[in-house]
Amino acid sequence: MAGSLIGAVRRWPGRGDEPRPGPAVVRLLLRVAAVLARRALLLAVLLAFVFAAVELLPGDAATATSERGESTADLAERRHLLHLDRPVPERFREWMTGLPTGDLGTSAHGEAVADLLARPFPNTLLLGGLALLVTLVASVALGCWAAAEPGGKVDRAVSASATGVLALPEFVVAVALMLVFALWTDWLPAVTLTEADGSPASWKMLVLPVLALAIPQIGWNVRIVRAALADESTAPHIETAVLDGLPRHRIFTHHLLPGALPTIAAGIATSTGMLLGGAVVVETIFNYPGIGSVLAGAVTDRDSPLVAGVVAVTGAVITGVLLLADLVRAWASGGRT
Amino acid sequence: MTVPTSTAHPVPPARRLPGRRRPAPRVLPALLLIALTLAGPWLVPHAIDVPVTAPYAEPGGDAPFGGDQLGRDVLSRVLAGGRELVVTSLLVAVLVTAVAAVLGAVSALRPAVGRIVERTADVLMLLPAVLGILLVTLSWPDGGRLAVVTAAVVLGVPYAVRLVAGAAAPVAASGYVEAAAVGGERLGHLVVREVLPNLRATLLALFGLRFVAAVYLVATAGFLQIGPQPPAADWALMIRENSAGILLNPWAVLAPGIAIGLLAMSVNLAAAALIPVTGRKAVPAL
């Protein structure tokens, strides 16, 4: 009994005495380096994949944006401007080496993609970051509430609502929220007004877009949190904690959640992609000044280099969040794999 | 104190959720809705491309949901506007499930293939599906619906393969598959005759989950105007076109919104009911 209790406490890193601190630190650093290298490699492969997709699919940026009556000479000139007349390996090298320095290529209209994204992208990051935070807090809180009484009324209600909302497209949630909270009750603004620097004028304008993004992801993550807690609650150290008569909230914060943390972190990190993808859609509904409006223009102009640039930046952001989740897992497993 | 389950028994048996053993009542709403959607274009009271009311007319008379931005009957357009979404999503779900079934079984039998699939899924996790579909459709301007389907399949397969490979691993390690392999059966025979027949329940559930994901993706593509083009009747496109007049006739936006919501929810309910209960793996993977 005592042995398993100590084992339970040791699961929470930072508690108890670390045996052999020197090698443990080295091991941790090595693990962090390996995780970093792996994530960087995956991102590089994604960027190569993006280049290949744009390259191999029929049609290029110059012909896609051509207007009627344009002469072949004009077309050739724009091709030259976009560097499309250069050999593929050279352009591939240019694309891959430009990205780390912040050069995201040239849009179909000859502007630097990085300049086009410089103002809207931070707004999208703000929206996505807030939605990620709301998702994290709400899904952990709801998941714990549901797990407090397995099979009870709350558990069933939370699980059923989560299953109901997780498959809803964000634009459907957004339109419903807008109708109820902006148009019928007039509590929150339906459109985003911007300051001179292009940022949203008031925090109120962020509420509805953040909710529209977060609600489906909360549904998704509540189920992950709930399942991770259920898995963890069958572990022997939880039994020990219950038999020792520890208060319930303490069992949650000190015994259940630490064990479930890696699964929860991985789930939330996976939501980042969905949030950033959904942001594109939600932004157009609320007229939010983010990459959504840039991409809407790209759809009309058939501007594939611009989309490739957005994919590259988004991939880098998601890589960062997944890296955090990796580190949480490495930290929570405390030396074990 | 009800945090952990009974402490008297060492390991509780697999948790059984109520209703999991009889999926029929949970699958029925989705089937009915899909049937209605497919039959919808034959049930329309008015032509979908001819104005019958004033623009954004309120519900009344022979237009129970009012008119849209050109005065076309909203009810007729809602009835007609789901078929393409459902057909495209079904096509995507069938293709993803079929490809994933074969690749997943091969991954379980040949670990080298499994590792490649794992890495591909890791890479595609960095590409939000919405952006991926934009990338493919814009790089392939003449692709039309084929481009949307291709993008949705490519983006969906790696996750689906992971799920199948996980379910196929215990089957691939079982004695009769090993016996068949030692007996000199080819890989194709092992996949089709030995492994996949044992994964019927998993594949059915996977099909449901992929259909949910496809509805999300195809509807979102429609909303971003890379799917059906005006004057076609399409739920997602209707929401976009009519949102300017949302105060004049909210039904022009609400009706297609509710239709997409009901479709997504009912199919998700059905898919959740189809997931085989396997004790530990309570987390489904889309």
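Description of the overall build of chain B
Here's step 1: Tallying secondary structure elements over chain B gives eleven helices and zero strands in all.
Here's step 2: Going residue by residue from the N terminus, the α and β elements of chain B occur as α-α-α-α-α-α-α-α-α-α-α.
Here's step 3: Residue burial in chain B is summarised as follows: out of 286 residues, 52% are buried.
Here's step 4: Of all intrachain contacts in chain B linking residues separated by at least 6 positions in sequence, the fraction that spans at least 24 positions is 69%.

Concerning the overall build of chain A
Here's step 1: If you tally the helices and strands in chain A, you get 14 helices and zero strands.
Here's step 2: Reading chain A from its N terminus to its C terminus gives the helix and strand order α-α-α-α-α-α-α-α-α-α-α-α-α-α.
Here's step 3: Taking all 337 residues of chain A together, the buried fraction comes to 42%.
Here's step 4: Of the contacts made within chain A by residues no fewer than 6 positions apart, 76% connect residues no fewer than 24 positions apart.

Focus on the packing of helix α7 (residues 120–147) of chain A against helix α10 (residues 204–233) of chain A
Residues and elements named next belong to chain A.
Here's step 1: At their nearest, the axes of α7 and α10 sit 6 Å apart, and the two run at 40° to each other. Between α7 and α10, the interaxial angle falls into the category oblique. α7 and α10 meet at a crossing whose hand is right-handed.
Here's step 2: For the contact of α7 with α10, a count of residues per class yields 20 nonpolar, five polar and one charged.

Examining the interface of chain B and chain A
Accessible area lost on assembly of the parts is the figure often given for the size of an interface.
Here's step 1: Residue-level contacts link 50 residues of chain B with 61 residues of chain A.
Here's step 2: Taken together, the elements giving at least two residues each to the side of chain B that touches chain A come down to α4 (111–124), α5 (129–139), α9 (200–223) and α11 (251–274) of chain B.
Here's step 3: A total of ten residues in the side of chain B that touches chain A trace back to one element, the largest contributor, which is α11(B).
Here's step 4: The residue inventory of the side of chain B that touches chain A, partitioned by class, reads 37 nonpolar, ten polar and three charged.

Side note on the nonpolar core
Here's step 1: A:V307, B:V164 and B:V215 are the most contacted members of the largest nonpolar core, which has 187 residues in total.
Here's step 2: What A:V307 contacts, discounting residues up to four positions off in sequence, is A:L295, A:A298, B:L131, B:L134, B:L135 and B:L138.

Let's talk about the confidence of the model for chain A
Here's step 1: On average, chain A scores 79 in pLDDT, and the residues at 70 or more come to 88%.
Here's step 2: Within chain A, no element has a lower average pLDDT than helix α1 (residues 2–10) of chain A, which sits at 41, and none a higher one than α7(A), at 90.

Some thoughts on helix α12 (residues 248–286) of chain A
Residue and element names in this part refer to chain A.
Here's step 1: If you check α12, its first and last C-alpha atoms are just 42 Å apart, much less than what 39 residues at 1.5 Å a residue would give, namely 57 Å.
Here's step 2: Of all the bends in α12, the largest measures some 55° and sits at L257, one to four residues before the proline P258.
Here's step 3: Directly beyond the C-terminal end of α12, a positive phi value near 55° is found at N287.

Concerning the packing of α7(A) against α12(A)
The relative placement of two packed helices is expressed as an angle between their axes plus a distance between the axes.
All names here are of chain A.
Here's step 1: Axis separation between α7 and α12 bottoms out at 8 Å; the angle between their running directions is 145°. Between α7 and α12 lies a crossing whose hand is right-handed. Taken together, the residues of α12 that come into contact with α7 (itself represented by T124, L127, G128, A131, L132, T135, L136, V140 and C144) are F252, I264, I268, S271, T272, L275, L276, A279 and E283.
Here's step 2: For the contact of α7 with α12, the residue count by class is twelve nonpolar, five polar and one charged.

A word on the environment of A:A190
All names here are of chain A.
Here's step 1: Within the element layout of this structure, A190 appears in the loop between α9 (170–184) and α10.
Here's step 2: Its 19 C-beta neighbours within 10 Å are what place A190 among the partly exposed residues.
Here's step 3: With 95 residues separating them along the chain, A190 and I285 place their C-alpha atoms 8.8 Å apart.
Here's step 4: Every residue in contact with A190, bar those within four places of it in the chain, is listed here: M178, A182 and L183.

Overview of helix α13 (residues 291–301) of chain A
Here's step 1: A:I291, A:G292, A:V294, A:L295 and A:A298 are the residues of α13(A) that are buried. All buried residues of α13(A) fall inside an arc of 160° around its axis, so they share one side.
Here's step 2: In this fold, the buried residues of α13(A) make contact with α6 (113–118), α7, α12 and α14 (304–332) of chain A together with α5 of chain B.

A short note on unusual backbone geometry
Here's step 1: Here the bond from B:P230 into B:P231 is cis, since omega is 5°, no more than 30 degrees from zero.
Here's step 2: With a phi angle near 55°, A:N287 is a residue other than glycine that sits in the positive phi range.
Here's step 3: Take A:N287: it is sitting in the loop between α12 and α13.
Here's step 4: For A:N287, a count of 16 C-beta atoms within 10 Å translates into the label partly exposed.
Here's step 5: Positive phi, close to 65°, is recorded for B:Q225, a residue that is not glycine.
Here's step 6: Within the secondary structure layout, B:Q225 lies in the loop between α9 and α10 (235–242).

So, the environment of A:V35
Here's step 1: Along the chain, A:V35 falls in helix α2 (residues 21–56).
Here's step 2: Considered as a pair, A:V35 and A:D326 are 291 residues apart in the sequence and their alpha carbons are 7.0 Å apart.

Remarks on the confidence of the model for chain B
Residues and elements named next belong to chain B.
Here's step 1: Within chain B, residue pLDDT values average 79, and 88% of them lie at 70 or more.
Here's step 2: Mean pLDDT in chain B bottoms out at helix α8 (residues 187–195), which sits at 77, and peaks at helix α3 (residues 83–109), which reaches 89.
Here's step 3: For residues 1–20, every residue scores under 50 in pLDDT, and the model assigns this stretch 25 contacts once sequence neighbours within four places are set aside.
Here's step 4: Ignoring residues within four places in sequence, the model shows residues 279–286, a span with pLDDT below 50, making 14 contacts including any to other chains.
Here's step 5: Both confidence scores are given for the complex: pTM 0.80, ipTM 0.78.

So, how was this worked out
Residues numbered from 1 in each chain as written. Chains lettered and ligands numbered in written order. Predicted model: local features only at pLDDT ≥ 70, side-chain atom pairs only at ≥ 80, totals over all residues. Helix = DSSP H or I, 4+ residues; strand = E, 2+ residues; numbered from the N terminus. Buried ≥ 20, exposed ≤ 12 C-beta atoms within 10 Å, placed from the backbone. Contact = placed C-beta atoms within 7 Å. Axes fitted to C-alpha atoms, helices over the stretch in contact; angles between N-to-C directions. Parallel < 35°, antiparallel > 145°, perpendicular 65-115°, else oblique. Left-handed = near helix turned anticlockwise from the far one by under 90°. Nonpolar A, V, L, I, M, F, W, Y, C, P; charged D, E, K, R; others polar. Core = buried A, V, L, I, M, F, W, Y, C linked by C-beta atoms within 7 Å. pLDDT = per-residue confidence, 0-100. Expected span 1.5 Å × (residues − 1). Bend = angle between axes of the 7 residues up to and from the residue. Arc of directions from axis to C-beta.

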